[in-house]
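Topology and contacts: notes
What follows is the residue order along each chain.
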Amino acid sequence: MTKPIYIINGPNLNLLGTREPEIYGSETLKDIENICTQTANAAGYDVKFMQSNHEGQIIDWLHEARTNAIAIILNAGALTHTSVGLYDALKAIDILKIEVHLSNPHAREEFRHKSFISPVSNGVIAGFGIDSYILAINGIVKKLT
Ligand code: CA2
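Residues numbered from 1 in each chain as written. Predicted model: local features only at pLDDT ≥ 70, side-chain atom pairs only at ≥ 80, totals over all residues. Heavy atoms only, no water.

This part covers the environment of isoleucine 35. As for its placement among the helices and strands, isoleucine 35 is situated in helix α2 (residues 29-42). Taking relative accessible area as the criterion, isoleucine 35 reaches 32% and is therefore assigned partly exposed. When the C-alpha atoms of isoleucine 35 and alanine 76 are compared, they prove to be 19 Å apart, with 41 residues separating the residues in sequence. In contact with isoleucine 35, other than residues within four places in its own chain, are Ile130 and Ile134. (Helix = DSSP H or I, 4+ residues; strand = E, 2+ residues; numbered from the N terminus. Buried < 20%, exposed > 50% of the residue type's maximum accessible area, 1.4 Å probe, protein only. Contact = heavy atoms within 4.5 Å.)

Around the ligand sit 14 residues, and of these Asn75, His81, His101, Leu102 and Ser103 come closest. A distance of 2.8 Å separates an oxygen atom of the ligand from a polar side-chain atom of asparagine 75. Between serine 103 and the ligand, the recorded distance is 2.6 Å, taken from a side-chain N or O atom to an oxygen atom. In a pocket analysis with a 2 Å cut-off to the grid points, the ligand is assigned to the largest pocket. Of the residues assigned to the shell around the ligand, the class counts are 6 nonpolar, 6 polar and 2 charged. (Near = heavy atom within 4 Å. Polar contact = N/O pair within 3.5 Å; in protein donor to acceptor, adjacent residues only side chain to side chain. 1 Å grid on protein atoms, 1.4 Å probe; cavity = no way out; pocket = protein on both sides within 12 Å on 5 of 7 lines; lining within 4 Å. Sits in = over half its atoms within 2 Å of the grid points. Nonpolar A, V, L, I, M, F, W, Y, C, P; charged D, E, K, R; others polar.)

With that settled, the discussion passes to the environment of glutamine 38. Topologically, glutamine 38 is positioned in helix α2. For glutamine 38, a relative accessible area of 55% puts it in the exposed group. Expressed as a C-alpha distance, the spacing of glutamine 38 and lysine 48, which sit 10 residues apart in the sequence, is 12 Å.

Right, let's get into unusual backbone geometry. The phi torsion at asparagine 12 lies on the positive side, around 75°, for a residue other than glycine. By the secondary structure assignment, asparagine 12 is in the loop between β1 (5-9) and α1 (21-24). We note that glutamate 20 has phi near 50°; this positive angle belongs to a residue other than glycine. Residue glutamate 20 is classed as partly exposed on the basis of its relative accessible area of 30%.

So, to be careful, I would describe these as geometric facts and stop short of saying anything about function.
Right, here's the structure in full:
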């Protein structure tokens, strides 16, 4: 059986749809999960969709992905800008890794301009709202097929 694409979401993304729709859109994380699953399934891939507010849990999922996933899509939320732990975990992973963001962090506060994830990712997609995830799935499918 084909391994799934792991889609891992970090801190506070469980709150999507409740605040700041002008920045993050009005969809909930469940809406994003549904459209990602539909998009991946249509291309013949499965998805394992996860969210945690805890850095250690995200690192554990990344370790699991090393052997159990075909590719990783990671929206690390604010940990993007702070986490050497995520940098180290991603550096040890050889499968495709795509960093995604709903907003464009480079057009926001300066503290969001630094990403610990980008140097250890194969690609970065930001600023397209929910479509950032869809673009990442389509890019992964194209690279894997
Ligand atoms: O644009 C993105 O996807 C971010 O990864 C979202 C993070 C932010 O820290 C990054 O700089 C960019 C924040 C996610 C918080 O989402 C919320 C949504 C609704 C209400 C509160 C938080």
